[in-house]
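Chain by chain, the residues run as shown.
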Amino acid sequence: DMNRRGGVRLLSVELENGGTSTWTLPCGSKIGLVFKFEASQPVGAIDLGIGLFSSTGVEIASAISSHDQEIIISKPGTYELVFRYKDLCLIAGQYSFGVGIGSERGMEDYIREAFSLEITPSEYSAQSQADSFGGFIIPAIKIAMRNP
């Protein structure tokens, strides 16, 4: 892709509680990702964008770091960023993530399939009967009975 600026490059991604060796989490786990990237020059504010895709390529959820916090790269070096989904409960299956790093100059780096994650059935998914669900996420819900 000729449009990449390359001032900031993604070096690696790890599961926060799994390391690089395992890309498997039981259903119901909190998902945290550790991104390591390298800046060859100061680029100012950057935005880390993450797209979550199903095994068939359907985009399930997108997020950008600036929705939570601004990240400023004011000098060259290696940086680590921890990205946590606060409330994303995926059903068992295979997923992949695309990662983009943007700045005011444009797209610095983009990896369409940066890594994959397998969510496995668990005690939680068995109790919640989620192993028989369709779709991709188990929504958090609240039920209240109302008198007719």
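This text goes with the structure placed above it.
These remarks concern the structure in this document. What you see is a predicted model; the values in this text were computed from it and never measured. (Residues numbered from 1 in each chain as written. Predicted model: local features only at pLDDT ≥ 70, side-chain atom pairs only at ≥ 80, totals over all residues. Heavy atoms only, no water.)

### What to know about the side chain of S125
Consideration 1: Note on placement: S125 falls in helix α1 (residues 123–127).
Consideration 2: Among the polar contacts listed, one links the side chain of S125 to the side chain of D131, at a separation of 2.8 Å.
Consideration 3: Ignoring any residue separated from it by four or fewer positions in sequence, one finds S125 in contact with C27, A130 and D131. (Helix = DSSP H or I, 4+ residues; strand = E, 2+ residues; numbered from the N terminus. Polar contact = N/O pair within 3.5 Å; in protein donor to acceptor, adjacent residues only side chain to side chain. Contact = heavy atoms within 4.5 Å.)

### Quick word on the nonpolar core
Consideration 1: In terms of nonpolar packing, the biggest core is built from 36 residues, with I31, L33, F35 and F83 touching the most fellow members.
Consideration 2: Mapped by element, the contributors of at least two residues to this core are β1 (8–15), β3 (32–39), β4 (44–54), β6 (71–73), β7 (77–84), β8 (93–103) and β9 (106–120).
Consideration 3: Here F35 is in contact with L10, S12, V13, L48, I50, Y79, E80, L81, F83, V99 and F115, once residues within four sequence places are set aside. (Core = buried A, V, L, I, M, F, W, Y, C linked by side-chain atoms within 4.5 Å. Buried < 20%, exposed > 50% of the residue type's maximum accessible area, 1.4 Å probe, protein only.)

### Let's talk about the side chain of D109
Consideration 1: With respect to the helices and strands, D109 occurs in strand β9.
Consideration 2: Within the local environment of D109, its side chain forms a polar contact with the backbone nitrogen of L10, the two atoms lying 2.9 Å apart.
Consideration 3: Dropping the residues within four chain positions of it, D109 is found in contact with R4, V8, R9, L10, V99, G100 and I101.

### A few points about the sheet that holds β7
Consideration 1: One open sheet holds the three strands; their spatial order is β1-β3-β7, and the pairing between them is antiparallel. The strands lining the two open edges of the sheet, one partner per strand, are β1 and β7. Shown here is a sheet whose adjacent strand axes are inclined to one another by a mean of 25°, direction ignored. (Pairing = 2+ DSSP bridges. Axes fitted to C-alpha atoms, helices over the stretch in contact; angles between N-to-C directions.)

### Some points on the packing of aromatic side chains
Consideration 1: Summed over the entire model, instances satisfying the criterion amount to seven aromatic pairs.
Consideration 2: For the pair Y85 and F97, a centre-to-centre distance of 6.5 Å together with 45° between the ring planes defines the contact as tilted. Here the residue Y85 occupies a position in the loop between β7 and β8, and F97 occupies one in strand β8, the gap between them amounting to twelve residues.
Consideration 3: Relative accessible area serves as the criterion here: at 0%, F97 is assigned to the buried category.
Consideration 4: Here the aromatic residues W23, F35, F83, Y85, F97 and F115 are joined through ring pairs into a cluster of three or more.
Consideration 5: For R112, the ring lying beneath its charged end belongs to F53, and the centroid distance is 4.2 Å. (Phe/Tyr/Trp six-rings, centres within 6.5 Å; stacked < 30°, edge-to-face > 60°. Lys NZ or Arg CZ within 6 Å of the ring centre and 35° of its normal.)

### Regarding unusual backbone geometry
Consideration 1: Residue Q129 is not a glycine yet carries a positive backbone phi of 60°.
Consideration 2: Topologically, Q129 is positioned in the segment after α1.
Consideration 3: Take Q129: its relative accessible area is 57%, and that puts it in the exposed class.

### Details of the pattern of salt bridges
Consideration 1: Considering all chains together, one arrives at four salt bridges under this definition.
Consideration 2: Put simply, E38 and R9 hold a salt bridge, and the shortest N to O gap is 3.3 Å. Of this pair, E38 sits in strand β3 while R9 sits in strand β1; the two residues are 29 residues apart in sequence, bridging distant segments of the chain.
Consideration 3: Taking the relative accessible area as the measure of exposure, R9 reaches 41% and is therefore partly exposed. (Salt bridge = Lys/Arg side-chain N within 4 Å of Asp/Glu carboxyl O.)

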